[in-house]
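# Structure at a glance
The residues making up each chain are set out below.
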Amino acid sequence: MNVREALFAAAANRILITDGAFGTEIQNWKLSEADYMGELRLAKDAKGNNDILALTNARVPDTITRAYLDAGSDIVSTNTFSANRISQADYAAEHLVRQINVASAQIARTAADEYTAKDGRRRFVAGAIGPTNKTLSLSPDVNDPGFREIDFDYLKQVYREQVDALIEGGVDFILIETVFDTLNAKAGIMAVIEASETLGREIPIMLSMTLTDLSGRNLSGHTVEAFWHAVRHARPVTIGLNCSFGAQQLRPHVKVLSGIADTLIMVYPNAGLPNDLGEYDELPDQTAALVHEWAAAGQVNILGGCCGSTPAHIAAMARSVAGLAPRLLPGVPVATRLAGLEPMTLAA
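Rules and cut-offs
Residues numbered from 1 in each chain as written. Predicted model: local features only at pLDDT ≥ 70, side-chain atom pairs only at ≥ 80, totals over all residues. Heavy atoms only, no water. Helix = DSSP H or I, 4+ residues; strand = E, 2+ residues; numbered from the N terminus. Expected span 1.5 Å × (residues − 1). Contact = heavy atoms within 4.5 Å. Salt bridge = Lys/Arg side-chain N within 4 Å of Asp/Glu carboxyl O. Buried < 20%, exposed > 50% of the residue type's maximum accessible area, 1.4 Å probe, protein only. Disulfide = S-S within 2.5 Å.

Let's shift gears to helix α5 (residues 59–71). In this model, α5 (13 residues) spans 18 Å end to end at C-alpha, consistent with the 18 Å of a helix rising 1.5 Å per residue. Summarising the contacts, the buried residues of α5 are in contact with α2 (23–27), α4 (53–56), β2 (75–77), α7 (97–119) and α13 (311–321). Positive phi appears at G72, one or two residues downstream of α5, with a value of about 120°.

Below you can see the structure in the form of structure tokens.
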């Protein structure tokens, strides 16, 4: 059974749980510049570069990953949201991209495999890829609407470097998340498809959109329906929403996406909306009660948390959906669903 089939088989039996936030959890460690820099000597300060901790202070991401596994996560993601050449340039760490991604993937893989060995329940690893701070669809210069800081081919190469390293480190899926620009996501998709062709095997893709307003659009103007139809050709194993808002605000958009997508729905909202200090006050049981409504309505297959969520939030979610039936994929026969949808063609 390949990893696509294994995920669909697990999701056919119950609602799966992914993990929660890394960024806000790392903030709780109150790390110093020395904690971030370690033995490295970079031209810029390393403080705030959460991804580099895989090289300089691996105990931090490892501890957080294991806390989510203890809370009930079936899927853990790598701490690599900004581990790309564009984002790492802010810290003069572009030359460390491959090392960061390989090390981060190995941290998650080792922990996931250890927990699988304990009880026989398979844990999966998703290689997380963030959107970068560049956009292909919009100009950063209001006086020059046609200007772009980067082009599609360059961003695809940036993503390919990260994808290759994550695969080398042992991830099961590539998670292209917090998609604010659909064209950026397409560059990531192309990078994964090309990596799959090079390897001669499928690297399954997870996709997660982020909304920028309550009307349900991302920054490039796509609704959840438009986003799904723009990326469906990639045959993602999951499609969904993350970050943006709390579960309360995402409710109508989860319902819409659930009704049209013929693949697994994975949603991991923030722990409510931030307060005036930028902190998240929504308690674990509050978040769990909100996502329980989606689960009870048969709208989700995988649940987790984004900004402000903690292992306690993930544990509360796991308890709240235990025993509830997972969402059925619209228009997809049960036998086909268990097999992971139609056979994959790498050139698709």
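Here we take up the pattern of salt bridges. Under the definition given, this model contains 16 salt bridges. Across the pair D74 and R121 runs a salt bridge whose closest N-O atoms are separated by 2.4 Å. You can see D74 sitting in the loop between α5 and β2 and its partner R121 sitting in the loop between α7 and β3 (124–129), a full 47 residues away along the chain. The residue E161 makes a salt bridge to R85 at a minimum N-O spacing of 2.8 Å. Taken together, the residues E161 in helix α8 (residues 152–169) and R85 in helix α6 (residues 85–88) connect sequence positions 76 residues apart. The class of R85 is partly exposed, set by a relative accessible area of 31%. In the salt-bridge network here, residues are joined through shared partners; they are R14, D74 and R121.

On to the state of the cysteines. Scanning the model with the defined rule gives zero disulfides in all. Cysteine C243 shares no disulfide, and the gap to the nearest cysteine sulfur, in C307, comes to 3.8 Å. Since its relative accessible area comes to 24%, C307 is described here as partly exposed.

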